[in-house]
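Given next are the chains, with one letter for each unit.
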Amino acid sequence: MFTQFSARLFEKAVREDFILSSMNGTELFDTSHWVAKKVEMATLILFNVIDATQIDFERIRSYDKKICENTEKVLDEMPASQVANIYILAGGEIPAFDGIEEYLGQAVYSIFWHLNLETGEITVPTGIPKKLFNLRALVADSCNEKGDGEKTSFSEIKYRADALRPKAKHRHAIMSYTIIAINAMVLILMYLDGYHENDVSVPIRFGAIVVDRIMRFGEWRRLFTSMFIHFGFWHFINNSLGLLIFGSRIERFLGRRFFIFIYIFSGLVGSAFSLFNLYINYPTIPSAGASGAIYGLVGAMFAFTRITKRAMDSIGWYVMLIYISAGMALGFATPGIDNFAHIGGLLCGAIIGGVAAYSRKRY
């Protein structure tokens, strides 16, 4: 199907004064890649058609980077003031479009369209031009065997190129809501057991971190149970907001199992950091709260969005960096905040999120 489509498309492109270019020396694409060029409206158009079922998007991006670097070097010698490197990725499933930058009037820029050869639908990332030099009509006319465009369904589906898409089966952050409900239930039970402000006996009975109980009596379970205990209503509300903002996004975009792994593991590491700090500096003071696990989610979200350069519901790595900086500054400026738990959870989550991001980019 690709061969017939590309042959029809380039036959029409030649009629529109495009010149077919040789791809000698670019063993990357061989017969799965067609290219033509022309200068129009002071723009050199490099028009690429690629069989997206045979070549992965990362290889295309690598090739595109080299093309952009080469054209920048010789742009002054061309009868054009800018270069549009246009790719028609013809195939079935939509590629990930990782790392696409929005077009902001650059002298050399790349444009990626995905064409579903079976349906005739084109996917255009947000910020990328979608009507260029009559190419849309050429593609539409080449989608069917007659080449007249009469039976071609040609529509556009837009999504942000710099944003992740949530997993369909994880539309609702069920686990995030469940953990909030568990924390609320524990707090209610604590109040029913007589808890009040500045009272530490009830949190200790419910499983808060206490150096003596852990180090002398081996109650290591407190590293886990302390994650579900809060010192009062506002402590619970602050952590619940963190779960709603960051936990729900991790769960919806990266999956429930990934969310639970980060939450529990980061929470345990945060508890371990907290225990170490208490053992050295405050051996008689208890500690509890979900903030270590919350900061684990924050760290994972920061690392993942920073490495992949893709946002989660418009929250990118720069927003996360501001939140982390403000949160840490406020923590160290406020007495009684368990900053070691925050640091431990943050580092753990960032490592997990970074590993996941690099795995996603590679595979």
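Located above this text is the structure these notes cover.
Okay, so let's go over this structure. Nothing here was measured: the structure is a model prediction, and the numbers come from that model. (Residues numbered from 1 in each chain as written. Predicted model: local features only at pLDDT ≥ 70, side-chain atom pairs only at ≥ 80, totals over all residues. Heavy atoms only, no water.)

This paragraph deals with the nonpolar core. One finds Phe5, Phe47, Val49, Ile60, Trp113, Leu115 and Val139 to be the most contacted residues of the largest nonpolar core, which totals 44 residues. Secondary-structure elements contributing two or more residues to this core are helix H1 (2-15), strand E3 (43-51), helix H2 (57-74), strand E4 (82-91), strand E5 (108-116), strand E6 (122-126) and helix H3 (135-141). Take this core: its biggest share by element is 7 residues, from E4. (Core = buried A, V, L, I, M, F, W, Y, C linked by side-chain atoms within 4.5 Å. Buried < 20%, exposed > 50% of the residue type's maximum accessible area, 1.4 Å probe, protein only. Helix = DSSP H or I, 4+ residues; strand = E, 2+ residues; numbered from the N terminus.)

Another aspect to go through is helix H8 (residues 233-254). For H8, with 22 residues, the first-to-last C-alpha span of 30 Å sits near the 32 Å given by 1.5 Å per residue. The sharpest bend along H8 measures roughly 30° and falls at Leu244. Within two residues after H8, Gly255 carries a phi angle of roughly 105°, on the positive side. (Expected span 1.5 Å × (residues − 1). Bend = angle between axes of the 7 residues up to and from the residue.)

In this model, helix H11 (residues 317-333) (17 residues) spans 24 Å end to end at C-alpha, consistent with the 24 Å of a helix rising 1.5 Å per residue. Turning to H11, its buried residues number three or more, namely Met320, Ile324, Gly327, Met328 and Gly331. Along the axis of H11, the buried residues cluster in a sector spanning 95°; they form a single face. What points out from H11, more than 90 degrees from its buried face, is the exposed set Ile322, Leu330 and Ala333. (Arc of directions from axis to C-beta.)

Turning to the pairing of E5, a few remarks are in order. Counting buried positions along E5 yields 9 of 9 residues, so the element is predominantly enclosed. Neither face of E5 is open: one carries Val108, Ser110, Phe112, His114 and Asn116, the other Tyr109, Ile111, Trp113 and Leu115, and all of them are buried. Note: E4 against E5, 9 bridges, orientation parallel. For Val83, the partnering residue across the bridge sits in E5 and is Val108. (Pairing = 2+ DSSP bridges.)

This brings us to the pattern of salt bridges. Taken as a whole, this structure holds 5 salt bridges when the rule is applied. Arg222 is the salt-bridge partner of Glu219, the closest N and O atoms lying 2.6 Å from each other. Its salt-bridge partner being Arg256, residue Glu251 comes within 3.3 Å of it at the nearest N-O pair. When its relative accessible area of 0% is taken as the criterion, Glu251 is described as buried. Judged by its relative accessible area of 24%, Arg256 is partly exposed. (Salt bridge = Lys/Arg side-chain N within 4 Å of Asp/Glu carboxyl O.)

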